[in-house]
Structure formats: C-alpha cells, structure tokens
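# Remarks on the overall topology
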Amino acid sequence: MRMHIATTFSLLLLFGVGGCLVSLTESFDYDVLLETGNEFLDLDGTDGETVPIDLSDDDTFDENRDDIKNVDRVGFEADLYTKDDLDTVVDIFFRKKGSDPWVLLLDAAPVSGVSTAARQDLISYKQSETLIRNFELFQQVAEGGVMELKLKARDGNDQVRVTRLILRITITVGT
Amino acid sequence: MKRNGLAVGVLLLVLCATATNASAERFAIGAYGGYQWPIVQDDAEPGGLFGLKAKINLAPALDLEPNVTWINNGDTETSSGGEVPAPEVISYALNANLKFGGMLQITAGLGWSSVDLPITGSQNKFSFNAGLALEIPVGPVVIDISPRFLLINTESGASRKHGLLMAGLNLWF
C-alpha cells in the first residue's frame, strides 16, 4: 500500500508542477515622457494629450514578448500640478494604435489646486491601482505592446502639466 | 475572504468532532507559523505565514490533513521607491501525509488559493503543494516542522510559487 501511495504522490507532483513550473512574474517601469521624448505634457485642451507607447522599448518586455502568459497588474506613478490653481482630476485612456475607440484606464486621479511646479502632486502606484478600470481590455492590448495613451484633465479647467509619468506593468511569462 | 476562512475553521471543527466520535486518538488539531519566500515573483517579497490544520489518521502510515494558510507577502517598490502592495494570499488544501518510519513524513496536497490584487480583487485559483513533515512528540503535544513548496496555478498554465517553512504544535486526541 505504501508503494501505491508513493506512486500517487509522485504523479500528483508531476501533474501539479510540470505544466506551470517554468513561469515567472516580472515587473517593469516604462517612463512615458522619456520614451516619447517629452520633457512634460500639458493637458491644455479638451482633447487632452496623446502619446504613443511601444512596450518593446523596455528590455524586460522585449525579451519576453513571445512568452507572455498574462498581464497581471498595471499602475502609474505621476508628478503633476495645476497651472490655474483649481482642483481637478486627470483621466488616462488607452487604445490600440489606430482608430479604435478610447477606453478609460485610470479614472479620476486627483490634482489639487494648491499644487505648483515647485510643489507637485504625486499619484502613487498604490493609489493608481485602485483607480484602474477596464483592466481585462487593457490586458489584451498590452500583450501586443503597441498602444496609445490619452491623458485628459476634466472639471472644466484643463490646465494640468505632467512632469513625470511612469507606467508600471507586471507580467507573467513562461514557456 | 474572511468568510472563507471562517468556513474552513468550521469545517476543521466538524472534522474534529466526527473523528473524535469515530475513533479515539486518531485526530489532531494544530496551529503553525513560519516564513515564506515567493519564487520569481517581482511583485512580492518574503514574509510571514500563519495557519491552522487538522490531522486524521486514516491508516498506520497515512494521515489526511486539511489546512488553511494565510500568506503574508512583503510589499515591493517601483524604481523610484514607491510602494507596490503585494498580493494577499490565503491557501486552502487537503494534504495526504505518508509516514516513512520514525517521525519523518512526505506530504502532498491539492486545494485552492485566493490571490487578492487591488485591480482584480480576490480570485480563487487551483493550487498544489508538496514537501516534508517532521513530527516530534514532546509530552502531550507534537512539534510539527514542515518545509513545503506551494504552486498556485494562475492564468494560461502560469503560476505563482512559494517556498514555505512551517513550524507549529499539534494536539492529538
């Protein structure tokens, strides 16, 4: 009987481990302003500001792009301030590069009216994760690596400057 | 998540009562703590663990062990030092422990784990664990030391993996 049980244990080990042992979870920070050659983004108009994203610019994504099993998490870090001293919020939308409709990704990150160039507001990664919407759609687009982001200030003033924008993505890769 | 933990606690008590009625000195309850290491997970650092288990002696060489383990992953940081909250994990498993003479056992189990991320919320995933167990009798209790490997199946054949080192006390009835 002991031999039978040992065999069962071995089979459990093989079936349980074999299929998915060789996968790992990796995170990378994509510096949107650096990668797109912008010193800052001014969200001055009602249309917001659009930036192209190619995640293959990041070594971690590029090295693993054929083995991505899943996009696990996404979040942002940003430094920004209002130029007209009014409280507002910033939304970030995404779409595949092209004419697909924009989809909301970051919903209403707050920017205080007292923020200035010398004293900017920070959107932390932790805070941003709670504001993420439509994550399943984003997972599909992000696996392709190429997309566009649109940043837009709302609540009527549309006078926000973004001086740092980091897109942090966590992926699971495996063979 | 707390409701799941409560349900498992009730299940352990029911198993305790059932086993106690069925046969004397063939059932144990135990609690354990320890440390765990996420394996190749960029968004989780090592941290503590805590758990509860029951043991049912089915045969001289075989115990059945339902258990629940709360895994406390440590937070990580972005490249600029911002906090990245680690996933919260609770693992539920039913293990079989095979005794190899003396105090040494090998153990393997199946179950599910709830992996809680801020974006996706808590999601239940199939999980598997295997390892060793050492039961050292000390008076009325048994010291139970068990290193284990936990594999949580996530998406598309991918997984999150943890190395667990558990130590606790079991009380046999």
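Conventions we followed
- Residues numbered from 1 in each chain as written.
- Chains lettered and ligands numbered in written order.
- Predicted model: local features only at pLDDT ≥ 70, side-chain atom pairs only at ≥ 80, totals over all residues.
- Heavy atoms only, no water.
- Helix = DSSP H or I, 4+ residues; strand = E, 2+ residues; numbered from the N terminus.
- Buried < 20%, exposed > 50% of the residue type's maximum accessible area, 1.4 Å probe, protein only.
- Contact = heavy atoms within 4.5 Å.
- Areas by Shrake-Rupley, 256 points an atom, 1.4 Å probe, with all protein chains shown as cover.
- Core = buried A, V, L, I, M, F, W, Y, C linked by side-chain atoms within 4.5 Å.
- 1 Å grid on protein atoms, 1.4 Å probe; cavity = no way out; pocket = protein on both sides within 12 Å on 5 of 7 lines; lining within 4 Å.
- Points joined across faces, edges and corners; volume = space filled by probe spheres on them.
- Nonpolar A, V, L, I, M, F, W, Y, C, P; charged D, E, K, R; others polar.
- Buried area = accessible area lost by both parts, 1.4 Å probe.
- Salt bridge = Lys/Arg side-chain N within 4 Å of Asp/Glu carboxyl O.
- Polar contact = N/O pair within 3.5 Å; in protein donor to acceptor, adjacent residues only side chain to side chain.
- Phe/Tyr/Trp six-rings, centres within 6.5 Å; stacked < 30°, edge-to-face > 60°.
- Lys NZ or Arg CZ within 6 Å of the ring centre and 35° of its normal.
- Pairing = 2+ DSSP bridges.
- Axes fitted to C-alpha atoms, helices over the stretch in contact; angles between N-to-C directions.

## A closer look at the overall build of chain B
- From N to C terminus, chain B includes one helix and ten strands.
- In chain B, the succession of α and β elements from N to C terminus is α-β-β-β-β-β-β-β-β-β-β.
- Counting all 173 residues of chain B, 50% fall into the buried class.
- Counted over contacts in chain B with a minimum sequence separation of 6, partners at least 24 positions apart contribute 53%.
- As displayed, chain B offers around 7500 Å² of accessible surface, 66% of which is attributable to carbon and sulfur atoms.

## What about the nonpolar core?
- Core analysis: the biggest nonpolar cluster contains 43 residues, and A:Ile53, A:Leu55, A:Val74, A:Phe76, A:Phe138, A:Leu167 and A:Ile169 have the highest contact counts within it.
- Of the residues forming this core, the biggest block, seven residues, is contributed by strand S9 (residues 160-174) of chain A.
- Those residues within four positions of A:Leu167 in sequence are excluded, and the remaining contacts are A:Phe28, A:Asp29, A:Tyr30, A:Val32, A:Ile53, A:Leu55, A:Val74, A:Gly75 and A:Phe76.
- Among the nonpolar cores identified, the runner-up in size contains nine residues, and B:Tyr32, B:Val89, B:Val115 and B:Met166 belong to it.

## With respect to the layout of surface pockets
- Volume-wise, the largest pocket comes out at about 250 Å³.
- In terms of lining residues, the largest pocket is bounded by 15 residues, among which A:Asn70, B:Thr120, B:Gln123, B:Lys125 and B:Glu155 are the most central.
- Counting residues per element, the ones that place at least two in the lining of the largest pocket are strand S4 (68-82) and helix H5 (135-144) of chain A together with strand S7 (104-117) and strand S8 (121-138) of chain B.
- Considered class by class, the residues forming the lining of the largest pocket number four nonpolar, six polar and five charged.

## Re the interface of chain B and chain A
- Each partner contributes residues to the interface: chain B has 43 residues there, and chain A has 33 residues.
- Carbon and sulfur atoms make up 65% of the area that chain B and chain A hide from each other, which totals about 3000 Å².
- The three residues of chain B that bury the most area against chain A are B:Asp42, B:Ile119 and B:Phe128, which together make up 19% of that side's buried surface.
- At the surface where chain B touches chain A, the tally comes to three salt bridges.
- Between B:Arg160 and A:Asp72 there is a salt bridge whose closest N-O contact spans 4.0 Å.
- Linking chain B to chain A there are eleven residue pairs in polar contact (both at pLDDT 80 or more).
- Put simply, the parts of the chain that give the side of chain B that touches chain A at least two residues each are strand S5 (83-84), strand S6 (88-99), S7, S8, strand S9 (141-153) and strand S10 (159-172) of chain B.
- For the side of chain B that touches chain A, the element with the most residues is S7(B), which contributes five residues.
- Looking at the side of chain B that touches chain A residue by residue, the class counts come to 22 nonpolar, 13 polar and eight charged.

## Notes on the packing of aromatic side chains
All names here are of chain A.
- All chains considered together, the criterion is met by six aromatic pairs over all chains.
- Each ring, one from Phe28 and one from Phe61, has its centre 6.0 Å from the other, and the planes form 65°; the classification is edge-to-face. Note that Phe28 is positioned in strand S1 (residues 23-31) and Phe61 in helix H3 (residues 59-64), a separation of 33 residues in sequence. Of the two residues, Phe28 and Phe61, neither departs from the other in class, the shared state being buried.
- Seen from the ring of Phe93, Lys150 lies directly overhead, with NZ or CZ sitting 5.6 Å from the centre.
- The residue whose ring lies beneath Arg161 is Phe40, and the NZ or CZ to ring-centre distance is 3.7 Å.

## A short note on the sheet that holds S6(B)
Residue and element names in this part refer to chain B.
- Taken together, eight strands build a closed barrel; the order of strands is S1-S2-S3-S6-S7-S8-S9-S10 and the barrel is antiparallel. Strand-to-strand twist across the sheet, computed as the mean angle between neighbouring axes with direction ignored, equals 25°.
- When S8 meets S9, the two strands line up antiparallel, connected through ten bridges. Within S9, the residue paired with Ile136 across the bridge is Ile143.

## Quick look at the environment of A:Leu167
- Mapped onto the elements, A:Leu167 comes out in strand S9.
- Along the backbone, A:Leu167 and A:Ala78 are 89 residues apart, and their C-alpha atoms lie at a distance of 8.8 Å.

## Considerations on empty space enclosed by the protein
- Evaluation of the coordinates by the stated rule reveals two cavities of 30 Å³ or more.
- If you add up the space inside the largest cavity, you get close to 70 Å³.
- Contributing to the lining of the largest cavity are B:Tyr32, B:Asn67, B:Thr69, B:Ser91, B:Ala93, B:Asn129, B:Arg148, B:Leu150, B:Leu164 and B:Met166.
- Along the lines of polarity and charge, the residues of the lining of the largest cavity split into five nonpolar, four polar and one charged.
- Taken as a whole, the second largest cavity holds about 50 Å³ of empty space.
- Along the walls of the second largest cavity sit A:Phe76, A:Ala78, A:Leu80, A:Val90, A:Ile92, A:Leu106, A:Ala109, A:Ile123, A:Leu151, A:Val162 and A:Leu165, which together make up its complete lining.
- Going through the elements one at a time, S4, strand S5 (88-96), strand S6 (103-111) and S9 of chain A are the ones with two or more residues in the lining of the second largest cavity.

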